[in-house]
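# Structural overview
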Amino acid sequence: SLGTHQALQLSKAFHALSGLSLVSFGWFYSQWQYPLSWPFWFVTTGMLALMAWEHSLVKATDFSRVNQAFFTLNGGISFGFFSGVLLMKLLQSFA
């Protein structure tokens, strides 16, 4: 079983992997398909910032803001990513 410090470190590692995956996907897709437009990169940057902020809200000795950090913000991140990709696709369809 993980302790609180190790669990938070594991969460940071998975968030870093998620961010790396998004940036890698965007880069590879832009190289072989067509360049992704600014909404994708805008929301990806915002997601990376929010994931970093999540980890500043929770400490191994203070879980008082864990719901805000890992549930509320993750919901916002998901909605923001969906909105950004939808905007990108709408802009591409009208271009």
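Before going further, it helps to spend a moment on helix H1 (residues 4–32). An α-helical segment advances 3.6 residues per turn. Residues three or four places apart therefore align on the same side. For H1, spanning 29 residues, the distance from its first C-alpha to its last is 42 Å, which sits close to the expected 42 Å at 1.5 Å a residue. Along H1, the residues that are buried comprise Leu8, Ser11, His15, Gly19, Leu22, Gly26 and Ser30.

This paragraph deals with the packing of aromatic side chains. Here the structure, examined in full by the defined rule, presents seven aromatic pairs. Considering the side-chain rings of Trp27 and Phe28, the 4.9 Å spacing of their centres and the 80 degrees angle between planes classify their relative orientation as edge-to-face. You can call Trp27 partly exposed: its relative accessible area is 46%. Residue class for Phe28 comes out partly exposed when judged on its relative accessible area of 41%. With a centroid separation of 5.0 Å and 85 degrees between ring planes, the pair formed by Phe40 and Trp41 is classed as edge-to-face. By the ring-pair criterion, three or more aromatic residues cluster together here, those being Phe25, Tyr29, Phe40, Trp41 and Phe81.

What counts, and where the lines are drawn
- All residue numbers here refer to positions counted from 1 along the written sequence of the relevant chain.
- Reporting of local features is limited, given that this is a predicted model, to residues whose pLDDT is at least 70; pairs of side-chain atoms are given and counted only at 80 or more, and all residues count toward the totals for whole chains, interfaces and linings.
- Excluding hydrogens and water, the side-chain values take into account all heavy atoms of the structure.
- Segments assigned H or I by DSSP are reported as helices when at least four residues long, segments assigned E as strands when at least two residues long, and all are numbered from the N terminus.
- The span you would expect from a helix comes to 1.5 Å times its residue count less one.
- Burial classes follow relative accessibility: with a 1.4 Å probe on protein chains only, a residue under 20% of its type's maximum area counts as buried, one over 50% as exposed, and anything between as partly exposed.
- Ring pairs shown here join Phe, Tyr and Trp side chains whose ring centres sit within 6.5 Å, with only the six-membered ring taken for Trp; geometry is labelled stacked below 30 degrees between planes, edge-to-face above 60, and tilted in between.

Coordinates in, geometry out; function isn't part of it.
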